[in-house]
There are 2 protein chains.
Amino acid sequence: MSAQAVTDSVILERLKSLQISHPDVISHSPVKGSAEWAAELSTTVPTLASVGLTKTLLFKPKTAKTATPTPVLVLAKDSTETSSGAIGKLLELKELRLASEDLIKSVLPSSASKDDVSALALPASPTIDENIHLILDQSLAQSQDQHALHLTSSNTTILLKGQDIKSYLDSISKDNAVRLVDFAELKASAPAPSAPAARPAAKEKKTETKPAAAQEDDEKYNMAIKYKKDEDFSGWYTDVLIKGQMLDYYDISGCYILRPWSYSIWQTIQTWFDDEIKKLGVQDCYFPMFVSNARLEKEKDHIEGFAPEVAWVTKAGKSDLEEPIAIRPTSETVMYPYYAKWINSHRDLPLKLNQWNSVVRWEFKNPQPFLRTREFLWQEGHTAFLTKAEAAKEVMDILELYRKVYTDLLAVPVIPGKKSENEKFAGGDYTTTVEGFIPTTGRGIQGATSHHLGQNFSKMFDISVESPNKDEGRLLAYQNSWGLSTRSLGVMVMVHGDDQGLVLPPRVALQQVVIVPVGLSKGEGKNQGIYDACLNLERELVKVGIRAKADLREGYTPGWKFNDWEMRGVPLRLELGPRDIAANTTLAVRRYDNHKSPMPLSDIGNTVRLYLDEIQKSMLEKAQEKFDTCLKTVTNWDDVVPTLDAKNILVLPWCEGSQCEDDIKERSKSQANKGQAEDNKAPSAGAKSLCIPFDQDRFGKFPEGENQKCVQCGQKAKSWTMFGRRLLADDLIDCLLLK
Amino acid sequence: MSAQAVTDSVILERLKSLQISHPDVISHSPVKGSAEWAAELSTTVPTLASVGLTKTLLFKPKTAKTATPTPVLVLAKDSTETSSGAIGKLLELKELRLASEDLIKSVLPSSASKDDVSALALPASPTIDENIHLILDQSLAQSQDQHALHLTSSNTTILLKGQDIKSYLDSISKDNAVRLVDFAELKASAPAPSAPAARPAAKEKKTETKPAAAQEDDEKYNMAIKYKKDEDFSGWYTDVLIKGQMLDYYDISGCYILRPWSYSIWQTIQTWFDDEIKKLGVQDCYFPMFVSNARLEKEKDHIEGFAPEVAWVTKAGKSDLEEPIAIRPTSETVMYPYYAKWINSHRDLPLKLNQWNSVVRWEFKNPQPFLRTREFLWQEGHTAFLTKAEAAKEVMDILELYRKVYTDLLAVPVIPGKKSENEKFAGGDYTTTVEGFIPTTGRGIQGATSHHLGQNFSKMFDISVESPNKDEGRLLAYQNSWGLSTRSLGVMVMVHGDDQGLVLPPRVALQQVVIVPVGLSKGEGKNQGIYDACLNLERELVKVGIRAKADLREGYTPGWKFNDWEMRGVPLRLELGPRDIAANTTLAVRRYDNHKSPMPLSDIGNTVRLYLDEIQKSMLEKAQEKFDTCLKTVTNWDDVVPTLDAKNILVLPWCEGSQCEDDIKERSKSQANKGQAEDNKAPSAGAKSLCIPFDQDRFGKFPEGENQKCVQCGQKAKSWTMFGRRLLADDLIDCLLLK
């Protein structure tokens, strides 16, 4: 079929000839959904033209640990450019960051979420002036137009004239508390720092002199770690990760690039864990990353926890999707409908599937590399059994594998145990966990979790079979789910890293040995002999399966190379110079404790292999000792807070009561902060239960035996339970569902 | 800081006390972006309340191959439920599907894309009535309200009264050509078929009797393949994939579930390929799946091709993102800015990174499992070199690995070669490819591509270094990119599968051998001896690393099991019954040719291992023969179309000219269709160049030697070039950028 194309004017002609009257043609960008549609129209409707949009921003300035930060609240036209850099400069405050939910709540108690920040909802004077900088966009204050503001929440909106907004704010604060700012002028005076995206462009400026890395213009890439682990832990952590080339920042907040140095560690974990679960009869599969709204809804109660963090795809190309599609934050609702479809006979059980994938949780809290990221890699296992006993056994089998990932691969000690009722994954019957410890901060961190879901999900999704014995009718399957994420890499770095940089366990290090030529002399070709010796050594090691590399880069001093490889955490350095060669030895330097010892070059392959095993072993032992010494059994409440403040984990005789757990948290928190009132530190977190260790015996019998009372409530104690401050407030990223 | 929460009413009180007047509070769902905002307001503005939205849909009914389909155009209120099932029933047409872009273009020549379907743009009578069913929503035709319609494209919109729309359509078609339909009534009379999502719910109805699989109520799961490979290829393909348990359909169109049966094959490919590229010094990494708009824009010219297929995330939880974020359709713009950042010195080259990930291309064409899916798994390698020579060598090294994936792992023959100028990846200097062949359809299909990008991208992203010899100044890196996707699994199925189902090559089959007990007798425990023999056999085979399983499922006849495992393509079946046991043998049955032969049970492990190798080898040989016989050298134009029609691939003496390639396509297409006019088949595609094989010698010297002319244009021929019809019109899913 062929036909002549019809143009707009042809159509308009036809209309004319038919005397069909119509308004002017509205030109606008492509639309399908009614929302944008009406939006387009609205711009042509006089009554709307004059309505302006506003934004309210709450910032937290960076302050010394000893000072309480004074937040900055900015109310401006949506169109106004409000550079946090410029505002900071104006108020002489450092590094303004968008406030955390917690801070928002304390400033605006009425706000339910970060979407509900509203200047109108500020508590009345005098609180304001003492505790907050209040900034009003001058162009807004002076505007005669109506502007849209939320009331206490984003569910209600009100239209106000600019001047009315000012009078309103003035009315709830002391004289001149509201500071009018002309942002246009401000911008001119203090240009915002350039975005990372701009970096590559900055390159032209760079000219290269040796050593190249030593004069990289981006400060993040300076040699040597800028921060001390004990002094500024989070600064140290980021610096080590970037200079160690584990990851790089990305131009989308909360997303990071996993460079080969870290991704290879994840691959090592994958290979080992995947082999192990296959021995257990688990099979790998891949489900789509997209979830339909309907599917997500089906689990409404369960998703409430993470619904605020679901990312939604609403457009493809230029067209809107019929209905938004979610990116999986986890896969229950993706997978279980098909479990129901595939499982028809008791012969179809057990069904054991696992997938290695990435999931997305659009966290609004401050992101942390590996620990809290918006996209992260993990494995999620989802299994279904005919009997509870089989399921229960698997929960423990998997947990044991998780323990080995930490202890055997990452050389990180963890304690396996059961979560308390408050801390378990709400969707399941019980949660088991391996709990880690970060000595520098004295905080506990969850390593990985293995959940028994009971029949909660099989009921919801009708995952059921005829009973083998007909009379019993249909049986609901018993399910487990278990997950381990790239968070484990962050824990490893925090536990082993030091002021020189990364410290990698040999078993997971992409490069286990670096060979550095030393005692070099000036002049072309003078060092060929040494270089050849290094390459021979490299070959020797590679032959026996050691991941070794000789660093023969020209133009770098040995000292510079030492520093470079220390920063990157290579477990073992072998130095080779004229004297070593003469003596047929090499100087071996252990990264983790800098211990030096000469090694005979004869049979070097086996020598090094055994040495690496020893390093792996001692790194774990060293970390284990530290963990053990910071694990304090406390039987008297008065010792709780002091022991926490001394950066320890508590082991308490506990009644296992939910209310009691809340009380422990509150009581320890308030006491800690009372104690700190005078030297006004930032408020300390309360103690949460980490787990009830399976190995109760390691803590010995209760002092009072049968009559042992719970440290907090005095009820009969049921178990030794680990309590501590957590590195992350919500420590459930590894859970299949967030709380 | 603690303060009392402020409520809406408190705020309203304050306003009142300050005598600030304001309109009523508008209640609406949370908004941040101005578009939704205004949208919300608009609903409260009288002048807009009466504006209705419309939709225009173009359907293609399923028709016999011998008939030309008559499309159905539906113009209805946006709110009207227009069930394609119901419309089909009304018009007595089968399986209405949304029309392809091509069909849209032929019906509405003015439409630039599927977003531009507009009834107003229909060509005038008489074309309409002959070639299209025109349906108008009665409730729209009778509406007094103004309704919004696009003109020729979605860039312009017009408001028309319902009755005016009807007069307009009447005016451009013959009397009564416009069919008014009351969809509400239609729906009542013909309910739409239930969505797959509903399936699990339907389960209650099911009660189980043996054999379970035999009475699965979902017809997709019936035993035996419903279609013959030669009669309905696409029906056969889908049926085989689902019954073979390679994948399952998902409730989001274009997305599929990779079940262990197929995912394990992908893992085998991954493990083998990953080892090989690591030998070449490539390292794995992981870049985020999200791309900022700015980054995507940077490559504007290059993304134009797939921009229409980019999926956009615009919301997280309830809040709109500051700006939409894309899901990577490929990773150039994601990765290369960081290449520019990381590559500062010639010492930083070569940089060789690869990632195993999933990418999203929101195809609007009919999806095809494995071949055209909206999310697919692949590896994408991106490398940068100091010299063109190094880069050129890698291009070929990688292509050779791709060849081996197909021939050595999947037993699928492919021909390595260079793409023509028209068919190469536009962003690069040249494209190499391995080309496969689907005998059943006589179509060519691209297996995987390895591109040399030259300096095109390094120029764009400034990936440059100081020359080692200072005088040369800065040098731009030479780059390659190469990709292999899960499409390869689809090709394998199409090549080897038969009317009984899947046929898997032993090397990639998750299960290589199935052991089936035969000659069973009725009665408890009677068969224990046979079962034990089967389990022993299984142990024997597993011991030597063979993936074998004994199928001891109760309640299934041996015949049913044979059929079940044939459908799933297990390469080798071993039958074991009393007579076999007595003779200390087992009957071995090859899946690919059903050849039967008894095997001694002594040393069975080695026997089977060798036998599996032989099967792998002969499957490739069989497919290779087929390919070779369908590879026809043609030196006379008159033979071109007949040879194509006989389901062959052409090898032509060709001048390699772009214009000539277009002419070959057009000329072969028109001739083919002229030939078919009388028995009016569906139009045939023209011949496209598949590749210029590197191995020219296999086709011998040109008949006329030096003076050989191009078959089409008569210019001097440069090479033997493969031409053929393509399985997919756009055969570039494996390319890093779509055309």
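If you're wondering where the values come from, they're calculated on a predicted model, not measured in any experiment.

(A) Examining the overall build of chain A more closely. Check the secondary structure of chain A and you find 24 helices and 31 strands. Residue burial in chain A is summarised as follows: out of 739 residues, 56% are buried. Put simply, of all contacts in chain A between residues at least 6 apart along the chain, 68% involve residues at least 24 apart. If you sum the accessible surface of chain A, you get close to 29800 Å²; carbon and sulfur atoms cover 52% of it.

(B) Spotlight on the domain arrangement of chain A. Residues and elements named next belong to chain A. Per the domain assignment, the segments of chain A are domain 1 (8-189), domain 2 (256-496), domain 3 (513-619) and domain 4 (631-675 + 683-724). Tallying the contact residues gives six residues for domain 2 and five residues for domain 3. Surface buried jointly by domain 2 and domain 3 totals about 450 Å² across both partners, of which 53% is contributed by carbon and sulfur atoms. The three residues of domain 2 that bury the most area against domain 3 are Trp 261, Ala 411 and His 496, which together make up 84% of that side's buried surface. Inspection of the domain 2/domain 3 interface yields zero salt bridges. At the surface where domain 2 touches domain 3, the tally comes to three residue pairs in polar contact (both at pLDDT 80 or more). The element best represented in the side of domain 2 that touches domain 3 is helix 16 (residues 388-409), accounting for three residues.

(C) Broad picture of unusual backbone geometry. A cis geometry characterises the amide bond from Leu 349 of chain A onward to Pro 350 of chain A, with omega recorded as -5°. The backbone of Gln 245 of chain B sits at a positive phi, close to 60°, despite the residue not being glycine. Exposure remark for Gln 245 of chain B: the relative accessible area of 27% places this residue in the partly exposed category. In this model, Ala 411 of chain B sits at a positive phi of 55°, which is unusual for a non-glycine residue. The topology assignment puts Ala 411 of chain B in the loop between helix 15 (388-409) and strand 17 (415-418).

(D) Up close: the environment of Leu 258 of chain B. Structurally, Leu 258 of chain B can be placed in strand 10 (residues 256-258). Leu 258 of chain B gets classed as buried once you look at its relative accessible area, which sits at 8%. Sequence separation between Leu 258 of chain B and Leu 247 of chain B is eleven residues; the distance between their C-alpha atoms is 4.8 Å. Setting aside chain neighbours within four positions, we find Leu 258 of chain B in contact with Cys 285 and Tyr 286 of chain A together with Met 246, Tyr 263, Phe 370, Leu 377 and Thr 486 of chain B.

(E) Representation of the packing of helix 12 (residues 260-279) of chain A against helix 16 of chain A. All names here are of chain A. Where helix 12 contacts helix 16, the axes come no closer than 11 Å and their chain directions differ by 150°. One element, helix 12, and the other, helix 16, form an angle in the roughly antiparallel class. Pair helix 12 / helix 16 crosses with right-handed handedness. On helix 16, the residues touching Ile 269, Trp 272, Phe 273, Glu 276 and Ile 277 of helix 12 are Ile 398, Leu 401, Tyr 402, Lys 404, Val 405 and Leu 409. Grouping the amino acids of the contact of helix 12 with helix 16 by side-chain chemistry returns nine nonpolar, no polar and two charged.

(F) Region of the structure containing the sheet that holds strand 30 (residues 688-693) of chain B. Residue and element names in this part refer to chain B. Across the sheet, which stays open at both edges, the eleven strands sit in the order 11-15-16-22-19-18-17-30-31-29-28 with mixed pairing between neighbours. Among the strands making up the open sheet, the edge pair consists of strand 11 (283-284) and strand 28 (631-633). As paired strands, strand 19 (residues 443-454) and strand 22 (residues 478-485) are joined by five bridges and run antiparallel to one another. Following the sheet pairing, Gly 454 is matched in strand 22 by Gln 479.

(G) Quick look at the state of the cysteines. Using the criterion set out here, one finds zero disulfides over all chains in the structure. Left without a disulfide partner, Cys 710 of chain B is nearest to the cysteine sulfur of Cys 660 of chain B, which lies 3.6 Å away.

(H) Summary view of the sheet that holds strand 27 (residues 596-600) of chain B. All names here are of chain B. The sheet built from five strands is open, its strands ordered 24-23-25-26-27 with mixed pairing. Unpaired on one side and paired on the other, strand 24 (548-550) and strand 27 mark the two borders of the sheet. Neighbour-to-neighbour, the strand axes of this sheet turn through a mean angle of 25°, independent of strand direction. Taken together, the four bridges between strand 25 (residues 572-576) and strand 26 (residues 585-590) define a ladder with antiparallel strand orientation. Following the sheet pairing, Glu 575 is matched in strand 26 by Leu 587.

(I) Layout of the nonpolar core. Counting 208 residues, the largest nonpolar core has Phe 290 and Ile 327 of chain A together with Phe 290 and Ile 327 of chain B as the members making the most contacts within it. Each residue touching Ile 327 of chain A, except ones within four places of it in the same chain, is listed here: Met 289, Phe 290, Val 310, Ala 311, Val 313 and Val 360 of chain A together with Met 289, Phe 290, Val 313 and Ile 327 of chain B.

(J) Geometry of the confidence of the model for chain A. Residues and elements named next belong to chain A. Averaged over all residues, the pLDDT of chain A equals 83, while 81% of them reach at least 70. Under a pLDDT of 50 for its full length, residues 190-221 has, in the predicted model, 56 contacts with residues more than four places off or in other chains. Interface predicted TM-score (ipTM) for the complex: 0.73; the corresponding pTM is 0.73.

(K) Up close: the packing of helix 11 (residues 260-279) of chain B against helix 17 (residues 487-496) of chain B. All names here are of chain B. At a closest axis distance of 10 Å, the pairing of helix 11 and helix 17 adopts a crossing angle of 115°. It follows from the interaxial angle that helix 11 and helix 17 lie roughly perpendicular. The handedness of the crossing between helix 11 and helix 17 comes out as right-handed. Where helix 11 approaches helix 17, its residues Ser 262, Ile 265, Trp 266 and Ile 269 are matched on the opposing element by Ser 488, Leu 489 and Met 492.

(L) Main features of the pattern of salt bridges. For the structure on display, the rule yields 54 salt bridges over all chains. We note a salt bridge from Lys 424 of chain A to Glu 421 of chain A, for which the minimum N-O separation is 3.3 Å. Between Asp 551 of chain B and Lys 561 of chain B there is a salt bridge, and its shortest N-O distance comes to 3.7 Å. Pair noted here: Asp 551 of chain B is in the loop between strand 24 and helix 19 (558-567) and Lys 561 of chain B is in helix 19, with a separation of ten residues, a long-range link. Overall, the relative accessible area of 4% leaves Asp 551 of chain B in the buried class.

(M) Just the packing of aromatic side chains, in detail. For the coordinates displayed, the defined rule picks out 44 aromatic pairs over all chains. Relative to Trp 482 of chain B, the ring of Phe 273 of chain B has its centre 6.2 Å away and its plane inclined at 70°; by these criteria the two rings are edge-to-face. With a gap of 209 residues between them, Phe 273 of chain B in helix 11 and Trp 482 of chain B in strand 22 connect regions that are remote in the sequence. Each member of the pair Phe 273 of chain B and Trp 482 of chain B is classed as buried. Cluster of aromatic residues (ring-pair linked, three or more members): Tyr 250 of chain A together with Phe 287, Tyr 336, Tyr 338, Tyr 339, Trp 342, Phe 425, Phe 457 and Phe 461 of chain B. In this structure, Arg 259 of chain B packs its charged tip against the face of Trp 342 of chain A, placed 4.0 Å from the ring centre. Of note, Arg 568 of chain B hangs over the ring of Trp 261 of chain B, and the distance from its end group to the ring centre comes to 3.9 Å.

(N) Highlighting the pairing of strand 26 of chain B. Residue and element names in this part refer to chain B. Across the six residues of strand 26, five count as buried, placing the element largely inside the fold. Pairing analysis gives five bridges linking strand 26 to strand 27, with the strands arranged antiparallel. Of the residues in strand 27, the one forming a bridge with Val 589 is Lys 596. Between strand 26 and strand 27, which pair antiparallel in sequence order, lie five residues; one of them, Asn 594, sits at a positive phi of approximately 60°.

(O) Up close: the environment of Leu 652 of chain B. Residue and element names in this part refer to chain B. Its place among the elements puts Leu 652 in strand 29 (residues 649-654). Since its relative accessible area comes to 1%, Leu 652 is described here as buried. Considering only alpha carbons, one finds Leu 652 and Lys 688, 36 residues apart in sequence, at a separation of 12 Å. Sequence-distant contacts of Leu 652, that is, excluding residues within four places in its chain, are made with Val 634, Val 640, Val 711, Ser 719, Trp 720, Thr 721 and Phe 723.

(P) Here's a closer look at the pairing of strand 5 (residues 133-137) of chain B. Residue and element names in this part refer to chain B. In terms of burial, strand 5 is largely enclosed, as four of its five residues are buried. Here strand 3 (residues 72-77) pairs with strand 5 via four bridges, running parallel. Directly across from Val 74, in strand 5, lies its bridge partner Ile 135. As paired elements, strand 5 and strand 8 (residues 178-181) share four bridges and run parallel to each other.

(Q) Looking closely at the environment of Lys 226 of chain B. Considering the arrangement of structural elements, one finds Lys 226 of chain B in the loop between helix 9 (183-189) and helix 10 (233-243). Here the alpha-carbon distance between Lys 226 of chain B and Asp 251 of chain B, two residues 25 residues apart in the chain, equals 23 Å.

(R) Helix 22 (residues 604-629) of chain A, seen in detail. Over its 26 residues, helix 22 of chain A runs 37 Å from end to end, which matches the ideal 38 Å to within 8%, given 1.5 Å per residue. Along helix 22 of chain A, the residues classified as buried are Ile 604, Gly 605, Val 608, Tyr 611, Leu 612, Ile 615, Gln 616, Ser 618, Met 619, Ala 623 and Phe 627 of chain A.

What counts as what
- Residues numbered from 1 in each chain as written.
- Chains lettered and ligands numbered in written order.
- Predicted model: local features only at pLDDT ≥ 70, side-chain atom pairs only at ≥ 80, totals over all residues.
- Heavy atoms only, no water.
- Helix = DSSP H or I, 4+ residues; strand = E, 2+ residues; numbered from the N terminus.
- Buried < 20%, exposed > 50% of the residue type's maximum accessible area, 1.4 Å probe, protein only.
- Contact = heavy atoms within 4.5 Å.
- Areas by Shrake-Rupley, 256 points an atom, 1.4 Å probe, with all protein chains shown as cover.
- Domains from an automatic or database assignment.
- Buried area = accessible area lost by both parts, 1.4 Å probe.
- Salt bridge = Lys/Arg side-chain N within 4 Å of Asp/Glu carboxyl O.
- Polar contact = N/O pair within 3.5 Å; in protein donor to acceptor, adjacent residues only side chain to side chain.
- Axes fitted to C-alpha atoms, helices over the stretch in contact; angles between N-to-C directions.
- Parallel < 35°, antiparallel > 145°, perpendicular 65-115°, else oblique.
- Left-handed = near helix turned anticlockwise from the far one by under 90°.
- Nonpolar A, V, L, I, M, F, W, Y, C, P; charged D, E, K, R; others polar.
- Pairing = 2+ DSSP bridges.
- Disulfide = S-S within 2.5 Å.
- Core = buried A, V, L, I, M, F, W, Y, C linked by side-chain atoms within 4.5 Å.
- pLDDT = per-residue confidence, 0-100.
- Phe/Tyr/Trp six-rings, centres within 6.5 Å; stacked < 30°, edge-to-face > 60°.
- Lys NZ or Arg CZ within 6 Å of the ring centre and 35° of its normal.
- Expected span 1.5 Å × (residues − 1).

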